[in-house]
Amino acid sequence: MNKNKQFVINLIASLVNFVVNVGIGFAITPFIVSRVGAEAYGFTGLANTMVGYATLFTIALNSVAGRFITVAYHQGDRRKADAYFSSALAADLVMILVPTAIAVPLIINLEHVIRISPHLVTDVKWLFCFVYLNYVVATISSVLSVATFIKNKLYLSSLANIAFSVVRITVMVVCFALFPTYVLFVGLGTCLAQLTLAILNYVFTIRLTPELRIKRNAISLRATWTMLSSGIWNTVINLQQILQNGLSLLIANLAISPLHMGYLSIAQVVPNALVTLTNTISGLFSPEQTRLYAQGNHNALLDELKTGMRITGLFTNIIVVTLLINGSAFIALWQPSQNTHMIYLLMILTLSGFFFTGIAGTLQAVPLLVNRLRNYSLSWLACGIISLIATLVCVKFSNWGIYAVAAVPQIVDILANITFVPVYAAICLRLSWSRFYSVYAQYLVSAITAIVLGNFAKTFLHIPQTNWFGLLLACAVTALITFASDMLFLLGKRERMIILHKLMRWRKL
């Protein structure tokens, strides 16, 4: 299949998956909050972030296994590909024992670790239990997702993720409808959905890469060590992410209040969806980038990186600008019974950091691509430590409260993504340090233009946003203005062809 047609298929499937996930997330969040309350809902986010700490034990392997398997596969070394594939699964089974030994006593004594209202203790413990089981299944089955990456059929992964979302929402709605209200149903739905996703990835592996098999005699300590020695630096990056963003809900729970933690958790729904979109869109370029790097085609690789930056930035720009201009009305309609002003400010503060992640996300994958992660990881770890210290200082010695928890990590993230990330990516590729800043400049010009024109249109048109129809209409106007600005200032000829020409002439591809 033509690579541009393959990309369009992957892109459309990813966008459908994103829309389904966001739609379900927006619909289910007020549904859950209205039944269990903002405080109880906050524990769903806290459970996911705390269980996410366990990835420190497994991310060193799983973050690079796909890269090693794919490179070996495209180089025609099937024996090495089998060794990486089988060794990754075997190592996951062993390494999962360590976080399990920590998680079990932690969940049993959870009320002594975090602040939980007495009537929620049992419910929250079961929530944490199901969320951890979800992590176990996801970790063990993670290597199975490599088949769609190898064959560049990421649309199948999108379809599997849609099935994940459907199962998750179905289980939660049925449980909330038939049984007394418990927040644990959120964890149960996610856990069963993850099992469904693992089964689908297993089927894809059998059909797409039948030559890849889990073979006992292919398990190799040397292959495992090769992956671990490279991926250990991703553990450092993951630690940085925990220090910088992953502790926000825990800090809010312990230093401020469970209720404010709940507000922050609600405010993070949109930014988390944006991160998912950014990772998904930028990830669409990874199979081709990996192939080009493996084949030594560096000029084509540079073009592919810039295209990834621009197209990912296009979607990030549209969402951030639209929410910046219309977000207050959105929160008022979405969470009318909560502190809408606080939730809106927390959402915008959190979104500010992810604004530059959209364009920098593609470049953040370069150190892994070229296997130069040490200095990159240590630099991000320094950012995480600075962010954590600054957040704690602001919470302790200022009256910013929950706003400091939301804002400080994003300020650090912005500074890193506009200084360190593009420079280090250029160095890894042996390019001029300023090679990627032209795309950054185009991105900023497009965003500023869209914000100015969007606010002008909002004032001039004065579309009422007191109901969902009016809000959606206003958002559509802002999104179209931002899209037009991106087409004019951000995208190049190559990207316009992918976005417009290929979609409009689908049958001719």
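Worth saying up front: this structure is predicted, and the values here are computed from it rather than measured.

Examining unusual backbone geometry
In step 1: Phi is positive for Arg430, which is not a glycine, with a value near 60°.
In step 2: Residue placement: Arg430 occurs in the loop between helix 19 (420-428) and helix 20 (437-461).
In step 3: Overall, the relative accessible area of 78% leaves Arg430 in the exposed class.
In step 4: The backbone phi angle of His462 is positive, close to 50°, even though this residue is not glycine.
In step 5: Within the secondary structure, His462 sits in the loop between helix 20 and helix 21 (468-490).

Digging into the nonpolar core
In step 1: Counting 123 residues, the largest nonpolar core has Phe43, Leu46, Ile114, Phe128, Met347 and Phe436 as the members making the most contacts within it.
In step 2: In terms of residue count, helix 14 (residues 298-334) provides more of this core than any other element does, 15 residues in total.
In step 3: Ala81, Tyr84, Leu144 and Ala223 belong to the second-largest nonpolar core, a separate cluster that totals 22 residues.

Quick notes on helix 19
Since there are 3.6 residues in each turn of an α-helix, residues three or four apart along the chain are aligned in direction.
In step 1: Considered for burial, the residues of helix 19 that qualify are Val421, Pro422, Tyr424, Ala425, Ala426 and Cys428.
In step 2: Among the structural elements, helix 15 (340-364), helix 16 (366-369), helix 17 (374-397), helix 18 (402-418) and helix 20 are those in contact with the buried residues of helix 19.
In step 3: Looking one or two residues beyond helix 19, the residue adopting positive phi is Arg430, at roughly 60°.

Thoughts on the pattern of salt bridges
In step 1: What the rule picks out here adds up to one salt bridge.
In step 2: Taking the shortest distance from any N to any O, the salt bridge between Lys125 and Glu111 comes out at 2.9 Å. Taken together, the residues Lys125 in helix 5 (residues 121-141) and Glu111 in the loop between helix 4 (97-108) and helix 5 connect sequence positions 14 residues apart.

Looking at the packing of aromatic side chains
For any pair of aromatic rings, the description rests on two quantities: the centre-to-centre distance and the angle between the ring planes.
In step 1: Following the criterion strictly, the structure yields 18 aromatic pairs and no others.
In step 2: Between Tyr182 and Phe185 the ring centres are 6.0 Å apart and the planes differ by 80°, which places this aromatic pair in the edge-to-face class.
In step 3: Centre to centre, the rings of Phe456 and Phe460 are 6.0 Å apart; their planes meet at 10°, and the pair counts as stacked. Taken as a pair, Phe456 and Phe460 lie in helix 20 at a separation of four residues, close to a single helical turn. For the residue pair Phe456 and Phe460, the accessibility class agrees, reading exposed in each case.
In step 4: Taken together, the ring pairs connect Phe176, Phe179, Tyr182 and Phe185 into an aromatic cluster.

Cut-offs used in this document
- Residues numbered from 1 in each chain as written.
- Predicted model: local features only at pLDDT ≥ 70, side-chain atom pairs only at ≥ 80, totals over all residues.
- Heavy atoms only, no water.
- Helix = DSSP H or I, 4+ residues; strand = E, 2+ residues; numbered from the N terminus.
- Buried < 20%, exposed > 50% of the residue type's maximum accessible area, 1.4 Å probe, protein only.
- Core = buried A, V, L, I, M, F, W, Y, C linked by side-chain atoms within 4.5 Å.
- Contact = heavy atoms within 4.5 Å.
- Salt bridge = Lys/Arg side-chain N within 4 Å of Asp/Glu carboxyl O.
- Phe/Tyr/Trp six-rings, centres within 6.5 Å; stacked < 30°, edge-to-face > 60°.

Treat this as a map of the structure, not an account of what it does.
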